[in-house]
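Structural features, examined
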Amino acid sequence: GAGVSQTPSNKVTEKGKYVELRCDPISGHTALYWYRQSLGQGPEFLIYFQGTGAADDSGLPNDRFFAVRPEGSVSTLKIQRTERGDSAMYLCASSLGPGARYEQFFGPGTRLTVL
Amino acid sequence: DQQVKQNSPSLSVQEGRISILNCDYTNSMFDYFLWYKKYPAEGPTFLISISSIKDKNEDGRFTVFLNKSAKHLSLHIVPSQPGDSAVYFCAAIRGANQAGTALIFGKGTTLSVSS
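A brief report on the enclosed structure follows.

Comments concerning the overall build of chain A
Of the regular secondary structure elements, chain A holds 0 helices and 11 strands. Its helices and strands taken in sequence order, chain A reads β-β-β-β-β-β-β-β-β-β-β from the N to the C terminus. Over its C-alpha trace chain A gives a radius of gyration of 13 Å, about what one expects of a compact globule, namely 13 Å for 115 residues. Overall, chain A is about 40 × 25 × 25 Å in size when its C-alpha atoms are taken along their principal axes. Per-residue burial over chain A gives 46% buried out of 115 residues. Across chain A, the fraction of contacts at a sequence separation of at least 24, relative to all contacts at a separation of at least 6, is 53%. Of the roughly 5400 Å² that chain A leaves accessible, carbon and sulfur atoms contribute 48%. Side chains of chain A carry 12 positive and 11 negative charges; the gap between the two charge centres is 5 Å.

Focus on the overall build of chain B
Each helix and strand counted, chain B has 0 helices and 11 strands in total. Listed N to C, the secondary structure of chain B is β-β-β-β-β-β-β-β-β-β-β in terms of helices and strands. Here chain B has a C-alpha radius of gyration of 14 Å; the compact-globule value for 115 residues is 13 Å, and the two agree. Principal-axis analysis of the C-alpha atoms gives chain B an extent of 40 × 30 × 25 Å. The proportion of buried residues among the 115 residues of chain B is 47%. Within chain B, counting contacts between residues at least 6 apart in sequence, those at least 24 apart form 55% of the total. With an accessible surface of roughly 5600 Å², chain B has 46% of that area assigned to carbon and sulfur atoms. The centroid of the 11 positive side-chain charges in chain B is displaced by 4 Å from the centroid of its 9 negative side-chain charges.

Observations concerning the interface of chain B and chain A
Many structure descriptions define interface size as the accessible area lost when the parts assemble. With 22 residues of chain B at the contact, the number on the chain A side is 20 residues. Summed over the shared surface of chain B and chain A, the result is 0 salt bridges. The tally of links between chain B and chain A comes to 2 residue pairs in polar contact (both at pLDDT 80 or more). When residues of the side of chain B that touches chain A are traced back to their parent elements, those giving at least two are strand 4 (30-38) and strand 9 (86-94) of chain B. Here the side of chain B that touches chain A gets 3 residues from one element, more than from any other, and that element is strand 4 of chain B. Broken down by class, the residue content of the side of chain B that touches chain A amounts to 12 nonpolar, 7 polar and 3 charged.

Focus: the sheet that holds strand 8 (residues 75-79) of chain A
Residues and elements named next belong to chain A. Judged by pairing direction, the sheet is antiparallel, and its 4 strands sit side by side in the order 1-3-8-7 without closing on themselves. Edge positions in the sheet fall to strand 1 (5-7) and strand 7 (65-68), since each of these pairs with one other strand and no more. On average, adjacent strands in this sheet sit at an angle of 15 degrees to one another, irrespective of strand direction.

Brief notes about the pairing of strand 6 (residues 56-59) of chain B
Side chains on a regular strand alternate between the two faces of the sheet. In terms of strand pairing, strand 6 of chain B meets strand 7 (residues 62-67) of chain B through 4 bridges, oriented antiparallel. Directly across from Asp59(B), in strand 7 of chain B, lies its bridge partner Phe62(B).

Topic: a nonpolar patch on the surface
The grouping of Ile18(B), Ile20(B) and Val78(B) at the surface amounts to a nonpolar patch, some 220 Å² of accessible area in total. Using a relative accessible area of 41% as the deciding quantity, one classes Val78(B) as partly exposed.

Regarding the pattern of salt bridges
All names here are of chain A. Considering all chains together, one arrives at 5 salt bridges over all chains under this definition. Across the pair Asp-24 and Arg-22 runs a salt bridge, and its minimum N-O distance is 2.8 Å. On the accessibility criterion, Asp-24 (24% relative accessible area) is partly exposed. Each of Arg-64, Glu-83 and Asp-86 takes part in salt bridges that share partners, so that together they form one network.

Cut-offs and rules
- The numbering scheme is per chain: residues are counted from 1 as the chain's sequence reads.
- To label them, take the chains in the order written and letter them from A, then take the ligands in the order written and number them from 1.
- At least 70 in pLDDT is required for a residue's local features to be given in this predicted model, at least 80 for side-chain atom pairs to be given and counted, and no such filter applies to totals for whole chains, interfaces and linings, which use all residues.
- Just so you know, side-chain values use all the structure's heavy atoms and leave hydrogens and water out.
- Only DSSP runs of H or I with at least four residues qualify as helices, and only runs of E with at least two residues qualify as strands; both kinds are numbered from the N terminus onward.
- Taken over C-alpha atoms, the radius of gyration is set against a globule rule of 2.2 Å times the number of residues to the power 0.38.
- The rule is simple: take the accessible area with a 1.4 Å probe, protein chains only, and divide by the maximum for that residue type; under 20% is buried, over 50% is exposed, in between is partly exposed.
- We call two residues in contact when some of their heavy atoms are within 4.5 Å.
- Per-residue accessibility takes into account occlusion by the displayed protein chains alone, with areas from the Shrake-Rupley method and a 1.4 Å probe.
- Charge assignment: positive for Lys and Arg, negative for Asp and Glu; neither His nor the chain ends contribute.
- We put the charge of a Lys on NZ, of an Arg on CZ, of an Asp on CG and of a Glu on CD.
- Salt bridge, as used here, is a side-chain nitrogen of Lys or Arg placed within 4 Å of a carboxyl oxygen of Asp or Glu.
- Within 3.5 Å is the distance limit for a polar contact, defined as a pair of N or O atoms, with the added protein rule that one can donate a hydrogen and the other accept it, and that residues adjacent in sequence qualify only through two side-chain atoms.
- Each residue is assigned to one class: nonpolar for Ala, Val, Leu, Ile, Met, Phe, Trp, Tyr, Cys and Pro, charged for Asp, Glu, Lys and Arg, and polar for all the others, Gly among them.
- Only strands that DSSP links by at least two bridges are regarded as paired with each other.
- For helices, the fitted line uses only the C-alpha atoms of the stretch in contact; every axis is such a line through C-alpha atoms, and the angle between N-to-C directions lies from 0 to 180 degrees.
- Only residues whose relative accessible area exceeds 30% and that form no salt bridge are eligible for patches; like-charged ones are grouped when within 9 Å, while nonpolar side chains (Val, Leu, Ile, Met, Phe, Trp, Tyr) are grouped when within 5 Å.

Here it is in structure tokens:
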């Protein structure tokens, strides 16, 4: 079956602009995670959804970052007033449920470049 | 402060030999550990995991060893194959049976297997 998909695969924007990054999880997966991977680093947790609600947003770096999952499937990560430091690979993962026993499946990521 | 550390950025091994990738952690509350593998332009994919109540888990050519007293784990690949060339991430979870358990990743080790 289809895996996790993310669009766009690459996004180049100018400092100060607004961007939206989309994640389509595996069908039936109720848990959805966003991670950010900067150059030379491992992925870092941003936010976790269980169904439609953001159950843990403790990893969001500041209030310019926001994410939604209105129907419990597709999720959108929104970044306002982008800064050069936001440039990174943004990864989405989904799993059948919460907890370690459910494997997290990752999408290929969206590479964001802020000029 | 890095809670999961992979101190070797790269490792080169000949085909057929053993590859040993190391990982150290600082948080004694971690109760589940995972290894993910990442090829260029793809998201990380799950490889093998181990619960903190065990000291070894084996799956085919891949074995993970956990030394809780030393807060150290290692991934052994025997025999190594050129297709194993990838970036390997060590990850940990705190509260493995709780909801919304985000993965905490190390920086990764790039493994190159030459034929």
